[in-house]
Amino acid sequence: MSETMCEKQQQVCPRAEENNKKKRKKQQQQVGAEEGARGSVHPPQPDSSEAEPLVRGIFQIGKKSHDVVLTPTRITWTPIQPEHPTGQQSSVKKPQEDFVELKDVFAVKVKRRRSAGQKSGGTLLGITLFTCKRKGAKLKDHAVHLNNLSADHCEIWFKHLKDILYGFQCRPKSLKVFINPCSHKKEAYHIYMDQVAPLFKLADIKTDVTITERKGHALSILKDCSLDEYDGVVCVGGDGSVAEVAHGLLLRAQMEAGRDTDSIFMPVQAALPLGVIPAGSTDAVACSVHGIRHPVTAALHIIMGHRQAVDVCSVSSMGRLLRFCFSVMFGFGGRTLVAAEKLTWIPNTQRREVAFITTLTNLKPEDCELSFIPSSGAAVDQSDSELEDELSDVGEGGPWQTRRGLFLSISIMSIPCLCSMAPRGLAPFTRLNNSSMALVAVGNTSRSEFIKHLKRYSSTNNQFSFSFVETQCVCAVRLRPRSQGGWTDETSEDNEECDSKNTPIISSEGTYPWNIDGELLEVPGEIMIRVHPRILTLFGADVEEAEEKPIKCSCI
């Protein structure tokens, strides 16, 4: 900017500052008089817009020059109105003031014009603010350009803005990133490089990226690598990848706390928050914490440092910890996953539907004993010691309630598990951190009735309003599959439409398939599932339901 323009800026700033002080003093006197009339003893408190400015100056925003003021909490700009030639007051209405809260700004950059191929230098144009804007559940980045050709002027503003942004301690400065290149349509790497990495770079976040090569790769790294230099861990992939990283973070926390990792009862909280970039086929964890499958939204939650504590399940067998997870499915969910594992010659996009139809065609119940401890209903007010008391009595005479019989499906979830096929969630009556799990037990019934139940997940109708479906809020579940059938289902005998076999599935291998966060785990005999309140922190915010359009399964 020329010296003449700089002189004009210095002339305008003191006059605008004096007018602003007079205006504030008058408003405070008016407010003080009103407070005195009401008998208030508290002096009026100026809001953030009335805070003392750190710096002010003239910038061109759009096609107009603006008087711009920076305070510790916001940046405000007002169009500069030209004076009337005769000195009379203009009849034009007062210019509209606009502002941005600095808590919504995640980056500031110097703006330059460069020629093709030029990597550095260039003509100074001003500075640009990058803000995070919300529209429903979706977050988007937005740029505000403050144009000014003065290098000294822009340097002062840039320094002030960088100091303020650096002061947001909850925002990560360094991240460990895991990318599963095989997730869904094998697009996780491109999603990260095209949509996420540029935003991280813009926010000056350092990243250490690992592209996983096999199942368990991320887990092995998290168990051994140093995490001191990171402010968080990010997973780019589907629910299986997220579950593996979450399990690794929690297992690492137990190791560092000196806990026995073979037998976890009340585990310690993970040291680092986990960011989830959706790149899978279902992305139930991402939808539950963000409300939408949108990589940019997930990235901006990470950049802005939004955090949400969540409950996690632990799965153990014969006193030995198997996994930390968010959801466990037995019966139909597990058998469908077994069928999918056998269809490796079918493309990933079609394998799930073929496995679904195959399992539905061969629908059979599981013969098992289901026991659970109902949640006390204390929700987030329930302390760890109170929950420990509930779980301590595991004897037959304790608080356990037991159901014996034939079940088509049993699901246990610590989060709502929102997804496009179930926009209200697979477990809409639980939350991210209410210290309980949702238990959904579907008893033996006809295939047609079971399909009606499944269809309702994608509609607004209650999918649990069937006589053969039982739901409970629980803090512990014990499930014991039976190797031989011992019970019959009387309701199905009276149902003429019953096309499910009353003969339960009997495992010839001595193991039973479990669907744990979309990953197959075969376990012999009984398993125990417990809820652990708020032991993991995710980057994101709690939501009520998914914002996406429901997708009806073409299989049914």
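My aim in this report is to walk through the structure given alongside it, one point at a time. What you are looking at is a predicted structure, and each value in this text was computed from that prediction instead of being measured. (Residues numbered from 1 in each chain as written. Predicted model: local features only at pLDDT ≥ 70, side-chain atom pairs only at ≥ 80, totals over all residues. Heavy atoms only, no water.)

## Notes on the packing of aromatic side chains
Moving on, step 1. Overall, the coordinates contain 10 aromatic pairs when judged by the stated rule.
Moving on, step 2. With a centroid separation of 4.5 Å and an interplanar angle of 35°, the aromatic rings of Phe 330 and Trp 514 are classed as tilted. Remark: Trp 514 occurs in strand β19 (residues 512-516) and Phe 330 occurs in strand β14 (residues 327-331); sequence separation between them is 184 residues.
Moving on, step 3. On the basis of relative accessibility, which here comes to 1%, the residue Phe 330 falls in the buried class. (Phe/Tyr/Trp six-rings, centres within 6.5 Å; stacked < 30°, edge-to-face > 60°. Helix = DSSP H or I, 4+ residues; strand = E, 2+ residues; numbered from the N terminus. Buried < 20%, exposed > 50% of the residue type's maximum accessible area, 1.4 Å probe, protein only.)

## Section: the environment of Thr 207
Moving on, step 1. Here Thr 207 shows up in strand β9 (residues 206-211).
Moving on, step 2. Take Thr 207: its relative accessible area is 36%, and that puts it in the partly exposed class.
Moving on, step 3. Separated by 23 residues in sequence, Thr 207 and Tyr 230 have C-alpha atoms that sit 8.8 Å apart.
Moving on, step 4. Residues contacting Thr 207, with those up to four places away along its chain left out, are Leu 175, Val 177, Tyr 192 and Phe 200. (Contact = heavy atoms within 4.5 Å.)

## Here we look at helix α7 (residues 295-304)
Moving on, step 1. Buried residues dominate α7, accounting for 10 of its 10 residues.
Moving on, step 2. Considered for burial, the residues of α7 that qualify are Pro 295, Val 296, Thr 297, Ala 298, Ala 299, Leu 300, His 301, Ile 302, Ile 303 and Met 304.
Moving on, step 3. Positive phi shows up at Gly 305, right after α7, with a value of about 75°.

## Let's talk about the pairing of strand β6 (residues 123-135)
Moving on, step 1. Here eight bridges tie strand β5 (residues 105-113) to β6, and the two strands are oriented antiparallel to one another. Across the sheet, Lys 109 pairs through a bridge with Thr 128, a residue of β6.
Moving on, step 2. Relative to strand β7 (residues 138-147), β6 is paired through 10 bridges, and the arrangement is antiparallel. Residue pairing across strands places Arg 134 opposite Leu 139, the latter belonging to β7. (Pairing = 2+ DSSP bridges.)

## Thoughts on the packing of helix α8 (residues 332-341) against helix α9 (residues 348-361)
Moving on, step 1. Two elements in contact, α8 and α9, have axes whose closest approach is 8 Å; the angle formed by their N-to-C orientations is 125°. Comparing the axis directions of α8 and α9 gives the class oblique. For α8 against α9, the interelement crossing comes out right-handed. Counted together, Phe 332, Arg 335, Thr 336, Ala 339 and Ala 340 of α8 and Arg 351, Ala 355, Phe 356, Thr 359 and Leu 360 of α9 form the full contact between these two elements.
Moving on, step 2. For the contact of α8 with α9, the class distribution of residues is six nonpolar, two polar and two charged. (Axes fitted to C-alpha atoms, helices over the stretch in contact; angles between N-to-C directions. Parallel < 35°, antiparallel > 145°, perpendicular 65-115°, else oblique. Left-handed = near helix turned anticlockwise from the far one by under 90°. Nonpolar A, V, L, I, M, F, W, Y, C, P; charged D, E, K, R; others polar.)

## A look at the state of the cysteines
Moving on, step 1. The final tally for this structure, using the stated rule, is zero disulfides.
Moving on, step 2. The thiol of Cys 419 is not disulfide-bonded; the next cysteine sulfur, from Cys 287, is found 6.8 Å away.
Moving on, step 3. Note on Cys 419: relative accessible area 4%, which makes it buried. (Disulfide = S-S within 2.5 Å.)

## Describing the pattern of salt bridges
Moving on, step 1. Applying the stated rule across the entire model yields 16 salt bridges.
Moving on, step 2. For Arg 335, the salt bridge identified is with Glu 366, shortest N-O distance 2.8 Å. Here Glu 366 lies in strand β15 (residues 366-374) and Arg 335 lies in helix α8, a separation of 31 residues in the sequence.
Moving on, step 3. A relative accessible area of 3% places Glu 366 in the buried class.
Moving on, step 4. When the shortest N-O distance is used, the salt bridge between Glu 449 and Lys 452 registers 3.1 Å. Placement of both Glu 449 and Lys 452 in helix α11 (residues 447-455) is noted, with a separation of three residues, approximately one turn of the helix.
Moving on, step 5. Via salt bridges that share partners, Glu 369, Arg 404, Arg 480 and Glu 526 belong to a single interconnected network. (Salt bridge = Lys/Arg side-chain N within 4 Å of Asp/Glu carboxyl O.)

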